Amino acid sequence: MKKLRILIAKPGLDGHDRGAKVVARALRDAGFEVIYTGLHQTPEMIAEAAIQEDVDAVGLSILSGAHMTLFPEVMRLLKEKGAPDILVFGGGIIPKEDMEELYKIGCGRLFGPGTPTPEIIDYLKEKFPDRC
Amino acid sequence: MTIDRISEEQKRWQNLVNQGKPDQFTTVSGIPVQIIYTPADIPDFDYLRDLGFPGEYPYTRGIRHNMYRGRIWTMRQFSGFGTAQDTNARYKFLLAHGETGLSVAFDFPTLYGRDSDDSMSKGEVGKCGVAVSSLEDMETLFEGIPLGEVSTSMTINGPAAVLWAFYIVTAEKQGVPSEKLRGTIQNDILKEYIAQKSWLFPPEPSLRIITDIMAFGAKHVPKWNTISISGYHIREAGSTAAQELAFTLKDGMTYVEAGIKAGLDVDTFAPRLSFFFNSHLDFFEEIAKFRAARRIWAREMRNTYHAKKPESWLLRFHTQTAGCTLTAQQPENNIVRTAFQALAAVLGGTQSLHTNSMDETWALPTEKAVLIALRTQQLIAEEAGVVNCIDPLGGSYYVEALTNKLEEQAYEYFQKIDALGGMVKAIEQGYPQREIAEAAYRYQRAVDEGRRVVVGVNKYLLEGEKLEIPILKIDPRVEQEQCERLRRLRQRRDNARVHRALDDLKSACAGKDNVMYPILAAVRAYATLGEICGAMKEVFGTYAEPPMF
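All of the points below concern the structure found in this document. (Residues numbered from 1 in each chain as written. Chains lettered and ligands numbered in written order. Predicted model: local features only at pLDDT ≥ 70, side-chain atom pairs only at ≥ 80, totals over all residues.)

All names here are of chain B. The buried count for strand S1 (residues 74-79) comes to five of six residues, which makes it a mostly enclosed element. One ladder, built from two bridges, connects S1 with strand S9 (residues 352-354); its direction is parallel. Each residue of the ladder has a partner; that of methionine 75, found in S9, is leucine 353. Of the pairings in the sheet, the one linking S1 to strand S2 (residues 101-104) comprises four bridges and is parallel in character. The residue bridging glutamine 77 from the neighbouring strand is leucine 102, located in S2. The β-α-β motif built from S1, the intervening helix H4 (residues 84-96) and the parallel element S2 has right-handed crossover chirality. (Buried ≥ 20, exposed ≤ 12 C-beta atoms within 10 Å, placed from the backbone. Helix = DSSP H or I, 4+ residues; strand = E, 2+ residues; numbered from the N terminus. Pairing = 2+ DSSP bridges. Right-handed = clockwise from strand over helix to strand, strands pointing away.)

With that settled, the discussion passes to helix H11 (residues 241-261) of chain B. Note that an α-helix has 3.6 residues per turn; residues three or four places apart therefore point the same way. All names here are of chain B. Across its 21 residues, H11 extends 30 Å between first and last C-alpha, which sits within 8% of the 30 Å expected from 1.5 Å per residue. Counting buried positions along H11 yields 17 of 21 residues, so the element is predominantly enclosed. Just downstream of H11, glycine 263 is the residue with a positive phi angle, here 90°. (Expected span 1.5 Å × (residues − 1).)

Residues and elements named next belong to chain B. In the contact formed by helix H15 (residues 333-347) and helix H16 (residues 367-382), the axes pass within 10 Å of each other and the chain directions differ by 45°. Taken together, H15 and H16 sit at an angle that is classed as oblique. Of the two possible hands of crossing, H15 and H16 adopt the one that is right-handed. Side by side, H15 and H16 meet where Ile335, Thr338, Ala339, Ala342, Leu343 and Val346 of the first sit next to Ile372, Ala373, Thr376, Gln377 and Ile380 of the second. The class makeup of the residues in the contact of H15 with H16 is eight nonpolar, three polar and no charged. (Axes fitted to C-alpha atoms, helices over the stretch in contact; angles between N-to-C directions. Parallel < 35°, antiparallel > 145°, perpendicular 65-115°, else oblique. Left-handed = near helix turned anticlockwise from the far one by under 90°. Contact = placed C-beta atoms within 7 Å. Nonpolar A, V, L, I, M, F, W, Y, C, P; charged D, E, K, R; others polar.)

A word on the packing of helix H21 (residues 495-510) of chain B against helix H23 (residues 529-540) of chain B. Residue and element names in this part refer to chain B. Remark: H21 packs on H23, axes separated minimally by 9 Å, with the N-to-C direction vectors making an angle of 35°. As H21 runs across H23, the sense of the crossing is right-handed. Taking contact as the criterion, the partners of Leu502, Leu505, Lys506, Cys509 and Ala510 in H21 are, on H23, Glu531, Ile532, Ala535, Met536, Glu538, Val539 and Phe540. When grouped by side-chain class, the residues that make up the contact of H21 with H23 number nine nonpolar, no polar and three charged.

Listed per partner, the contact involves 29 residues of chain A and 34 residues of chain B. For the side of chain A that touches chain B, the secondary-structure elements that each account for two or more residues are helix H1 (18-29), helix H3 (67-80) and helix H5 (117-127) of chain A. If you tally residues by element for the side of chain A that touches chain B, the top one is H1(A), at five residues. A class-by-class count of the residues in the side of chain A that touches chain B yields 13 nonpolar, ten polar and six charged.

Backbone-to-backbone hydrogen bonds join strands into a sheet, with any given pair of strands oriented parallel or antiparallel. With parallel pairing, the nine strands of this open sheet are ordered in space as S5-S4-S3-S2-S1-S9-S8-S7-S6 (chain B). Every interior strand has two partners, whereas the edge strands, strand S5 (224-225) and strand S6 (227-230) of chain B, have only one.

Residue and element names in this part refer to chain B. Tracing the chain through its elements places glycine 101 in strand S2. Between the C-alpha atom of glycine 101 and that of glycine 511, which follows or precedes it by 410 residues, the distance is 37 Å. Leave out the neighbours within four places in its chain, and glycine 101 touches Thr74, Met75, Arg76, Val150, Ser151, Ser153 and Ser352.

Rendered as structure tokens:
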């Protein structure tokens, strides 16, 4: 069985990469295949990488307040490029109301500060039960 | 009473008591802590050599003779959001409530030297700080605030020269000469590569711009701190206290070496170097860190870099409480966390302080939240009685032993970095970045496994907790309005003059002339931040970090 492949991505200009790196390591230690984009990616670059790397899910880390622009944009581009099945989830500094809005447009779970990493791992295992 | 006798008695006593599991009792950075400390734990302690008196070498106890009796630390709340006009109103609010210095938080596009209408800026304008794309925005930001009277700190690094030029020209227009200006630009590019990641150019040209800034400041803006060498972001990225201390001081030494190599006399610029540290959870470890920092810097400046003026030996620093320790859960608890951290900074002898607001894991702070944060400082300054006596923990066996320990760990890191060829080489090899990422992961594992308690997060949770504090929203119209303002500015100004100024700037970048003069000329012509940084990138190139985790 193919391992679950996850792209962890930092869109926009936000340089806060502590969370993205910690989550990437935790997912790798949990047995997933993890690709990290590094900083300063445009939504275009992220969608492109997700498709080329043939990932199951994209985790976006945004602490800059630009989540309402960047999440929908990555999701739109994935659809446009014929990969609507790739799950987009994420985390960062995201007020509750904004989380609700993003859930309405089909965004996967959003994890706020203080989330234990096993919670993220469990979420992904639940989403892809036949792959773990 | 000999040390040996105390040591024997200490062992005898320790054998009598149940000390618990050693790995349960460490500092937040993982330094093992004994159950008790005695003179036997600081056997070589020499009061005059190791501590001395405040305001005198080696400054362990503080950099001023009378410390807070002479003047309370500057209460300086880092703030900025939305448009320059929104932030201007927040500054006036804070000053009216007893704040004593300003501190500008810029949005991400500004931190990266990009204009609000740049394609990469989409969605980020005014979100994480205030958008400042031109001299016009800076004039609005400080409208009605007399720049000859306040001191202003600006957290700006890659494009620091440009934002500083905006400020200098804004003051000029208010009739305030640059000689009178007081404040700080962060301008610490090395920690950008290490931790904060808002860089523009590669390390070598970045260091050249910094030496240009130091030379310009020494000549024209003598009261300005031209670099604030920062451990804050290193710590926020997950480092230990010792890593914060070591990497920050090593960055500082690298700037000193760059200045000396550029032909500057160390005593002309060293007195204008200042520092910026984090105040994290572990109360005594933080106090020890601040004390060790002062002692190491004084020694290195005097003995290694042969600075002759005592002002060059002083480590002056700003402190911010640790944003990364705030919790989204039960946010009111953050008020208390911040108060402990602020107290550690004061007992550690800070010159200036920012206290975080309780709501900052959700958004930028509301007016109410920031007022409580400011009041926390005022309570410490005026109610708690801690400002009466300098370095009240000096002489504590524990605090002295911990100060020595942090100093020792810092020197171990200095040696490792030297072995890699110095800080720039170490950064290029990803060494400090890796050390920090390791520490961050260790910390997260400890929290996930419940070995490290975070109140409200992995212990004492509230079932079905709902967020009950108001959150600041940034109006999405800010971005449109900001782009529109820029469009009008580009129409209105003398574009031929802008182009000439940018060409002159490129020539200075390609040659050896100080870049500050052509930057100022471009700013006066209302060239935008993005245009000026763009011109410089054409000559200096850009920097990209290889992704690693």
